[in-house]
Amino acid sequence: MSLLDELGYSRVSHFPGGMQEWETAALRIQQGAPISTEVLLKPQRPIRIRRDRWGAFVDLFERRTTADLVWIWIGTIALWALLYWSLTLAGVGGLREGDDMIGGGRSGFWTALYFSFGAATSIALGDVVPTGPVRILAIVEAVVGLLVFGAMVSKLVSRRQEQVVAEIHRLAYEDRLERVQTDLHLVLAELQGIAQLCRTPSVPTEQIRARADSASGMCLAELRTIHGLLYRPQELPEEVTLEGILASLAIVLRELRAMVQCLDSRSPYLTRNLNGLSRLAVEICADCVPRRYTQTMRDWMDEIQTVARDLG
Amino acid sequence: MDVSLADMRRLVRDPRVVVLDVRSREAYTAGHLPGALNIAVQEMRERAPAELRDRDRAIAVYCGGPS
């Protein structure tokens, strides 16, 4: 469609057969008024985090396990010890113990390793000292050694922290699910109460109307939460839990419909809430939610949608 | 890009694709492809930028048919 291209949409496919071809092929057709498009069309761009080069370097450690980091640290120390030792033998500066340079034998290597540990942990005691260009090497080792050691420690600490954060998220989410179910039950009780009052002739209309207004507001708030659960799940709720919630919602909406039918007039507030309810609930149907669910849940969703149509 | 009926059936099932019905509201209400949204051609200029905010999202558009 050239109009959409003109408006800047880059990925448009056009189905020229249109409704006619679709109907001829006897494929499934949906009926009903348009739903609000707002929810479905939130931009879906992935969040991009800007990374600098330093960040990339830190990430290099981030991806390693704690055990890896320990080995990297030990490897660094051993590598530097080897460098000190061979440079001393080659006569390019080197390590000096007291008045003499360290020797080429096994004891010489142990001394180099001893110095290397001291440099990496920045506790070199001064009994072995670097001379000449080797001093630069020693400084580099101190910096690298401390970095790796720091990464190792932070890894140990952050792992525990990540576990705690994940646990908090899970608890908050479960709490939210539980609250939705409790609230739905309360709303249901309230709606039934109102319907009963409505059938009693002696009760003043204002009283019923006030309670109906407030109950419809609660209904709308609950529906928003459930809509959010289906469209923007932070975590996938267990199917059993979700099924319970959907079933309760369907029952609540049915009661709401019965209550509304009983009232002889609607306040503007109630009308607004009912419109909001039907707009949101129409979007809860097996074919519009972004995930595929089991047949029972699909049935509940379709029931919700059917009842919602009568509300608006 | 024009697509066939078979392609369209696949696009309708794909949750990442926005299926867009550009016929009138009345025609849409009477029957539409599963999950389709409705913005009539006449309202496109006005409504599309506000409602279809993501211009890189895949859109499958259809109308009444060839006739």
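Quick caveat, the model's predicted, so the values are computed rather than measured. (Residues numbered from 1 in each chain as written. Chains lettered and ligands numbered in written order. Predicted model: local features only at pLDDT ≥ 70, side-chain atom pairs only at ≥ 80, totals over all residues. Heavy atoms only, no water.)

Attention now goes to the state of the cysteines. Any covalent bond linking the sulfur atoms of two cysteines counts as a disulfide. All names here are of chain A. Taken as a whole and assessed by the stated rule, the structure comprises one disulfide over all chains. Between Cys198 and Cys262 runs a disulfide, and the two sulfur atoms are separated by 1.9 Å. On the sign convention where negative means left-handed, the S-S torsion of about -115° between Cys198 and Cys262 marks this disulfide as left-handed. A residue pair is termed long-range when its members are at least 10 positions apart, and Cys198 in helix H6 (residues 134-199) and Cys262 in helix H8 (residues 239-262) qualify at 64 residues. On the basis of relative accessible area, Cys198 is assigned to the buried category, the value being 18%. (Disulfide = S-S within 2.5 Å. Helix = DSSP H or I, 4+ residues; strand = E, 2+ residues; numbered from the N terminus. Buried < 20%, exposed > 50% of the residue type's maximum accessible area, 1.4 Å probe, protein only.)

Residues and elements named next belong to chain A. Judged by pairing direction, the sheet is antiparallel, and its three strands sit side by side in the order S3-S2-S4 without closing on themselves. Single-partner strands in this sheet number two, and they are strand S3 (100-101) and strand S4 (128-131). Summarising the sheet, strand S2 (residues 94-97) and S4 pair through four bridges and their orientation is antiparallel. When the sheet's bridge partners are listed, Glu97 is paired in S4 with Val128. With respect to the sheet, helix H5 (residues 106-120) is in contact with S2 and S4, its orientation differing from that of S4 by roughly 90°. Contacts between H6 and the sheet are confined to S2 and S4, with S4 contributing the most and set at about 115° to the helix. (Pairing = 2+ DSSP bridges. Contact = heavy atoms within 4.5 Å. Axes fitted to C-alpha atoms, helices over the stretch in contact; angles between N-to-C directions.)

This next bit is on the packing of aromatic side chains. Residues and elements named next belong to chain A. For the coordinates displayed, the defined rule picks out five aromatic pairs over all chains. Between Trp73 and Phe117, the ring centres sit 6.2 Å apart and the planes meet at 80°, which makes this aromatic pair edge-to-face. Of the two residues, Trp73 is situated in helix H4 (residues 66-90) and Phe117 in helix H5; the sequence distance between them amounts to 44 residues. Ring geometry for Tyr84 against Phe115: centres 5.1 Å apart, planes inclined by 75°, an arrangement best described as edge-to-face. In this pair, Tyr84 is assigned in helix H4 and Phe115 in helix H5, connecting sequence segments 31 residues apart. Exposure remark for Phe115: the relative accessible area of 6% places this residue in the buried category. (Phe/Tyr/Trp six-rings, centres within 6.5 Å; stacked < 30°, edge-to-face > 60°.)

Next up on the list: the confidence of the model for chain A. For chain A, mean pLDDT is 83; residues scoring 70 or higher make up 92% of the total. Element-level pLDDT for chain A is lowest in helix H3 (residues 53-62) of chain A, with a mean of 71, against a maximum mean of 91 in H4(A). (pLDDT = per-residue confidence, 0-100.)

To continue, consider the environment of A:Glu62. Here A:Glu62 shows up in helix H3. Remark: the alpha-carbon pair of A:Glu62 and A:Ala151, spanning 89 residues in sequence, is separated by 7.8 Å.

What follows is about the interface of chain A and chain B. Between chain A and chain B, the residue contacts involve 40 residues of the former and 49 residues of the latter. Counting each side, the surface lost to burial between chain A and chain B is near 4200 Å², with a carbon and sulfur contribution of 58%. As a salt-bridge pair, A:Glu6 and B:Arg45 come within 2.9 Å of each other at their nearest N and O atoms. Across the contact surface, chain A and chain B share 20 residue pairs in polar contact (both at pLDDT 80 or more). At the level of secondary structure, the elements contributing two or more residues to the side of chain A that touches chain B comprise helix H1 (2-6), strand S1 (12-15) and helix H2 (18-24) of chain A. With five residues, H2(A) is the largest single contributor of residues to the side of chain A that touches chain B. Taken together, the residues of the side of chain A that touches chain B sort by class into 20 nonpolar, twelve polar and eight charged. (Buried area = accessible area lost by both parts, 1.4 Å probe. Salt bridge = Lys/Arg side-chain N within 4 Å of Asp/Glu carboxyl O. Polar contact = N/O pair within 3.5 Å; in protein donor to acceptor, adjacent residues only side chain to side chain. Nonpolar A, V, L, I, M, F, W, Y, C, P; charged D, E, K, R; others polar.)

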